[in-house]
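Understanding the architecture of this molecule
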Amino acid sequence: MQDHRRRFLDLALRADALRFGEFTLKSGRSSPYFFNAGRFDSGASLAGLASCYADAIDSARADGSLGEFDGLFGPAYKGIPLATALACEYSRRGHDLPVTFNRKEAKAHGEGGSLIGAPLEGRRVLIVDDVITAGTAIREALQIIGDAGGIVSGIVIALDRQEAVDPSISRRSAAQTVATEHALPVVAVASLDDLLTMAAGSAALVDQHARLLAYREAYGSR
Ligand SMILES: O=P(O)(O)OC[C@H]1O[C@H](OP(=O)(O)OP(=O)(O)O)[C@H](O)[C@@H]1O
Ligand SMILES: O=C(O)c1cc(=O)[nH]c(=O)[nH]1
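Because the structure is predicted, anything quoted here is derived from the model rather than measured. Along each chain, numbering runs from 1 in the same order as the chain's sequence is written. Just so you know, chain letters begin at A and ligand numbers begin at 1, following the order they were written in. Predicted model: local features are reported for residues with pLDDT of at least 70 only, side-chain atom pairs are reported and counted for 80 or more only, and whole-chain, interface and lining totals are derived from all residues. Side-chain numbers come from the whole structure's heavy atoms, not from hydrogens or water.

Moving on: the site of ligand 2. One heavy atom within 4 Å of a molecule or strand is enough for the residue carrying it to be called near that molecule or strand. Within the structure, ligand 2 sits among L25, K26, F34, F35, K78, D130, V131, T133 and R161. Polar contacts, as used here, are pairs of N or O atoms within 3.5 Å; protein pairs need one atom able to donate a hydrogen and one able to accept it. Residues neighboring in sequence count only if both atoms are side-chain atoms. Residue F35 places a main-chain N or O atom 2.7 Å away from a nitrogen atom belonging to ligand 2. Contact between ligand 2 and T133: an oxygen atom at 2.6 Å from a side-chain N or O atom of the residue. When the free accessible area of ligand 2 is taken as 290 Å², the share hidden by the protein chains comes to 89%. Looking at the shell around ligand 2, the elements that each hand over two or more residues are β2 (30-35) and β6 (124-132). Of the residues belonging to the shell around ligand 2, the class tally is four nonpolar, one polar and four charged. Residue burial considers only the protein chains on display, and all accessible areas are found by Shrake-Rupley using a 1.4 Å probe. Secondary structure follows DSSP: runs of H or I at least 4 residues long count as helices, runs of E at least 2 residues long count as strands, and numbering of each begins at the N terminus. For this scheme, ten residues count as nonpolar: Ala, Val, Leu, Ile, Met, Phe, Trp, Tyr, Cys and Pro. Four count as charged, namely Asp, Glu, Lys and Arg, and the remainder, Gly too, count as polar.

What follows is the structure, given as structure tokens:
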């Protein structure tokens, strides 16, 4: 497993951002695990997470699967601190990147509108979000960026849950579907497969392994 994948999963487990139990997802599906990026709630933990994103992006740039971009877009809400932390990480690495994010509800006073940060018009942006399940949040972000005249170069997420939206119709994951429909690269720092690999080799996660496997059997991509 690539170093940034393992590092990210270790950080997420230590921050309690990856939890096991019973959770209802945005799609309504019930899941035995949940990634809560909100638990990366300090400067140091966000910096550690941002370095995993940057390593995943740099690796995709190096192998040619991700093209050039000159800005970052973080969808509200959890994408906002993630894109911001990643911009700080890239600045530390010598690349100053503009960052933009949206409000879920448009502001009617002051500067108004629903976009904050660098203008998107004509800019090639990378969408930075926490997790993809059904792809609803990413589709919304694509629409917002397109409406503002931006050009999406790709999508980076911390965790690809590798789930089919409706397994009775297709076993393609939401990430694969978005990638094909929009001809865009989707880069994941880690995936459910990586979590399963880690769980299989960890005494602390051994109880979760069977439940995760059963969940992937029911809803996972193939
Ligand atoms: O692929 P999907 O099925 O869309 O699910 C994943 C999305 O769900 C969550 O967003 P949510 O809108 O719940 O919001 P938050 O960032 O405001 O917590 C999560 O942060 C992802 O963006
Ligand atoms: O599908 C979701 O809503 C979802 C899954 C997950 O693991 N984390 C999250 O924030 N949302």
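That shown, we press on.
For H4, the position within the fold is in helix α1 (residues 3-14). Should any heavy atoms of two residues lie within 4.5 Å, those residues are counted as being in contact. Apart from residues no more than four positions distant in its own chain, H4 is found in contact with C52, D55, A56, S59 and V189.

In this section: the site of ligand 1. Surveying the vicinity of ligand 1 reveals 13 residues, the closest of which are K26, D129, D130, T133 and G135. Within the contact set of ligand 1, an oxygen atom lies 2.8 Å away from a side-chain nitrogen or oxygen of D130. Between ligand 1 and the protein, one listed contact pairs an oxygen atom with a backbone N or O atom of A134 at 2.9 Å. Relative to its free-state accessible area of 510 Å², ligand 1 is covered by the protein chains to the extent of 83%. For the shell around ligand 1, the secondary-structure elements that each account for two or more residues are β6 and α4 (136-147).

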